[in-house]
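Analysis of the macromolecular model
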Amino acid sequence: MTTFDAIIIGAGQAGPPLAGRLTAAGMTVAFVERHLFGGTCVNTGCMPTKTLVASAYAAHLARRASDYGVVLGSPPQIDMPKVKARADAVSASSRTSIEQWLRNMNGCTVFKRHARFESAHVVRVDEQQLTAPRIFINVGGRALVPEMPGVGEVPFLTNTSILALDQVPKHLIVIGGSYVGLEFGQMYRRFGADVTIVEKAPRLIAREDEDVSEEVRRIFEREGIAVRTDATCIALAKHDQGVAVSVDCTHGPPQNVGSHVLLAVGRRPNTDDLGLDKAGVATDPRGYITVNDDLSTNVPGIWALGDCNGRGAFTHTAYNDFEIVAANLLDGEHRSLRDRVPAYALYVDPPLGRVGMTDEQARASGRKLLIGKRPMSRVGRAIEKGETQGFMKVIADAATKKILGAAILGTGGDEAIHGVLDIINAGVTYDVLQRAVPIHPTVSELIPTLLSEMTPAE
Ligand SMILES: Cc1cc2nc3c(=O)[nH]c(=O)nc-3n(C[C@H](O)[C@H](O)[C@H](O)COP(=O)(O)OP(=O)(O)OC[C@H]3O[C@@H](n4cnc5c(N)ncnc54)[C@H](O)[C@@H]3O)c2cc1C
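Residues numbered from 1 in each chain as written. Predicted model: local features only at pLDDT ≥ 70, side-chain atom pairs only at ≥ 80, totals over all residues. Heavy atoms only, no water.

1. Description of the site of the ligand
Gln13, Glu33, Thr40, Asn138 and Asp307 are the nearest of the 40 residues found near the ligand. Measuring from an oxygen atom of the ligand, one finds a backbone N or O atom of Cys41 at 3.2 Å. Take Asn138: an N or O atom from its side chain is 2.8 Å from an oxygen atom of the ligand. Within the complex, 94% of the 1,000 Å² of free accessible area of the ligand lies under protein. Secondary-structure elements contributing two or more residues to the shell around the ligand are α2 (39-43), α3 (46-63), α5 (179-191) and α8 (315-330). (Near = heavy atom within 4 Å. Polar contact = N/O pair within 3.5 Å; in protein donor to acceptor, adjacent residues only side chain to side chain. Areas by Shrake-Rupley, 256 points an atom, 1.4 Å probe, with all protein chains shown as cover. Helix = DSSP H or I, 4+ residues; strand = E, 2+ residues; numbered from the N terminus.)

2. Digging into the pairing of strand β13 (residues 232-239)
Where β13 lies against strand β14 (residues 242-248), six bridges are found, and the strand directions are antiparallel. Bridge pairing in β14 places His239 opposite Gly242. In this structure, the hairpin formed by β13 and β14 is closed by a connection of two residues. (Pairing = 2+ DSSP bridges.)

3. A look at the packing of aromatic side chains
Going through the model one piece at a time under the given rule, you end up with six aromatic pairs. Pairing Phe4 with Phe111 gives two aromatic rings, centres 6.3 Å apart and planes at 85°, and the pair type is edge-to-face. Taken together, the positions of Phe4 in the loop between β1 (2-3) and β2 (6-9) and Phe111 in strand β4 (residues 108-111) put the pair 107 residues apart, joining distant regions of the chain. Accessibility assignment for this pair places Phe4 and Phe111 in one class, buried. On the basis of an interplanar angle of 85° and a centroid distance of 5.9 Å, the ring pair of Tyr179 and Tyr344 is categorised as edge-to-face. (Phe/Tyr/Trp six-rings, centres within 6.5 Å; stacked < 30°, edge-to-face > 60°. Buried < 20%, exposed > 50% of the residue type's maximum accessible area, 1.4 Å probe, protein only.)

4. Observations concerning the packing of helix α1 (residues 15-24) against α8
Two numbers describe how α1 lies on α8: the axes approach to 9 Å, and their chain directions differ by 15°. On the basis of their axis angle, the class for α1 and α8 is roughly parallel. In this structure, α1 crosses over α8, and the sense of that crossing is right-handed. Residue-level inspection shows Pro17, Leu18, Arg21 and Leu22 of α1 in contact with α8, the latter providing Tyr319, Phe322, Val325, Ala326 and Leu330. For the contact of α1 with α8, a count of residues per class yields eight nonpolar, no polar and one charged. (Axes fitted to C-alpha atoms, helices over the stretch in contact; angles between N-to-C directions. Parallel < 35°, antiparallel > 145°, perpendicular 65-115°, else oblique. Left-handed = near helix turned anticlockwise from the far one by under 90°. Contact = heavy atoms within 4.5 Å. Nonpolar A, V, L, I, M, F, W, Y, C, P; charged D, E, K, R; others polar.)

5. Quick word on the sheet that holds strand β11 (residues 194-198)
Spatially, β12-β11-β10-β16 is the arrangement adopted by the four strands of the open sheet, whose pairing is parallel. Two strands in the sheet have a free side with no partner beyond their single neighbour: β12 (226-228) and β16 (260-263). Within this sheet the neighbouring strands show an average axis-to-axis angle of 20°, counted without direction. In this structure, strand β10 (residues 171-175) lies alongside β16, joined through four bridges in parallel fashion. Residue pairing in the sheet places Ile173 in a bridge with Val261 of β16.

6. Some thoughts on the state of the cysteines
Scanning the entire structure with this criterion turns up one disulfide. Disulfide partner of Cys41: Cys46, at an S-S distance of 2.4 Å. Measuring handedness by torsion sign, the sulfur bridge of Cys41 and Cys46 sits at about -135° and is left-handed. For the unlinked cysteine Cys308, the closest cysteine sulfur is that of Cys41, found at 15 Å. (Disulfide = S-S within 2.5 Å.)

7. Some thoughts on helix α6 (residues 210-222)
In this model, α6 (13 residues) spans 18 Å end to end at C-alpha, consistent with the 18 Å of a helix rising 1.5 Å per residue. Those residues of α6 not exposed but buried are Asp211, Val212, Ser213, Glu215, Val216, Arg217, Ile219 and Phe220. Directly after α6, the chain includes Gly224, whose backbone phi takes a positive value near 85°. (Expected span 1.5 Å × (residues − 1).)

8. Some remarks on the nonpolar core
The tendency in soluble globular proteins is for nonpolar side chains to be buried as a group. Ranked by internal contacts, the top residues of the largest apolar core, which has 51 residues, are Ile7, Ile9, Leu18, Leu102, Phe117, Phe136 and Ile137. Ignoring any residue separated from it by four or fewer positions in sequence, one finds Leu18 in contact with Ile8, Phe136, Leu305, Phe322, Val325 and Ala326. Grouped together as the second largest cluster of nonpolar side chains are 38 residues, Ala56, Leu172, Ile197 and Leu346 included. (Core = buried A, V, L, I, M, F, W, Y, C linked by side-chain atoms within 4.5 Å.)

9. Overview of the environment of His418
Relative to the helices and strands, His418 is located in helix α11 (residues 413-426). According to the relative accessible area criterion, His418 is partly exposed, its value standing at 37%. As for His418 and Val355, which are separated by 63 residues in sequence, their C-alpha atoms are 8.4 Å apart.

10. Focus: α1
In terms of burial, α1 is a largely internal element, eight of the 10 residues being buried. Of the residues making up α1, those classed as buried are Gly15, Pro16, Pro17, Leu18, Ala19, Gly20, Leu22 and Thr23. If you follow the buried residues of α1, they end up packed against β2, β3 (29-32), α4 (80-103), β4, β8 (134-137) and α8. A positive phi of about 95° marks Gly26, the residue just after α1.

11. So, the sheet that holds β8
Read from one edge of the open sheet, five strands run β4-β3-β2-β8-β18, paired in parallel fashion. The outermost strands of the open sheet, each flanked by one partner alone, are β4 and β18 (302-304). With direction set aside, neighbouring strand axes in the sheet form an average angle of 15°. Note that β8 and β18 share three bridges and pair parallel.

Here is the structure:
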């Protein structure tokens, strides 16, 4: 049995920086990672997908070149091995630097193995037993493979295996019309595939407001992506030309045949093979580790950070978990998940930047609301760029003058949303933003205008 001051399981977004802080404070750390350093974001999530999205955007702009008065000799071709190599290189560079950082960190011992609890404070790594008074779980999640009929009988792709493709599928059927499915769907359409998105809910990204879902659908359909919503009873079967996906929709044909199928129906936490029962760590029915607002579990001395606690599903939320834990343990602070303002982006093009409540949530809260909405076709910067799809929307509490939420679905929306996010985090009223002098021409400059145009919600 080897004793450390702390054990960290999983080199995702929270574990490595936490190791940095703990060792800098003089602690010895055992760091256990079973596969790829950097976890989902670096290897199979944000980094490769956003690199591919950039290639897809380049292809899209090249096809639209004549709109800008740019003459290309011939239609653009996709060199998929090169597209893939670019994404691989971006991931590899980050992965290598994280691994080297941990291996060279004074006080940190790296184990490239699977970790499993034997008891509340003993972790087995192969033949070795490690013990520490503090254990931090940062094991993340993986693609959920649903138990839909035929799933065991046909080949399918997940967000991980699709990254190994170095050719463009003839027809990609994406099952799941939410964040992951939409990003891959649009990207592969722009690479030249026929794409069908199959979603069992009545609309895409059903967690967003209806106007957001509808606009994303319009954007996709304009690019020639087929969208099949209300697709209940989805079933997969072998077919001469690939995979047949049966859908029981109210509209459209009952079957779609694709060369490839991507399952993008959600994630599940990597907690089923961690021995949590031996440690007595409580999980919810879906396997997410139950944590308090300071990320501590029900077992003293064990914390769970990142996607595996079900309190966030993003790189920035996992990193913020690290910041909360480090501040409380090492800086004498009392930080909490309650202080976090929800924010995220969907990297379709144009992107969706989101912060705080949706329109629907704000209405359900019973507050008197002010709402401002403006199409991107009335945003100078978008007109100049020739990218006028989408809209921006802000919702405020009429009584307190605080912004409750916003959505910017439009060019630069993933960046421009931060103006609103900062105002919410600062805890000030929206007129502070109204009095600011933004830079022209930007998408952000329209936010103060939007705030001046808000009207009471019906
Ligand atoms: C396709 C896709 C695109 C995404 N795009 C974005 C985006 O644009 N922006 C964003 O904010 N988020 C995005 N995400 C989500 C983001 O990737 C995750 O929220 C983030 O990676 C979570 O980090 P984490 O630290 O919780 O765990 P992870 O990054 O999942 O890391 C967990 C690590 O733990 C290791 N591990 C697991 N079990 C064990 C064990 N028993 N022993 C040892 N090691 C173990 C794993 O090998 C892994 O390396 C995306 C996700 C996907 C799937």
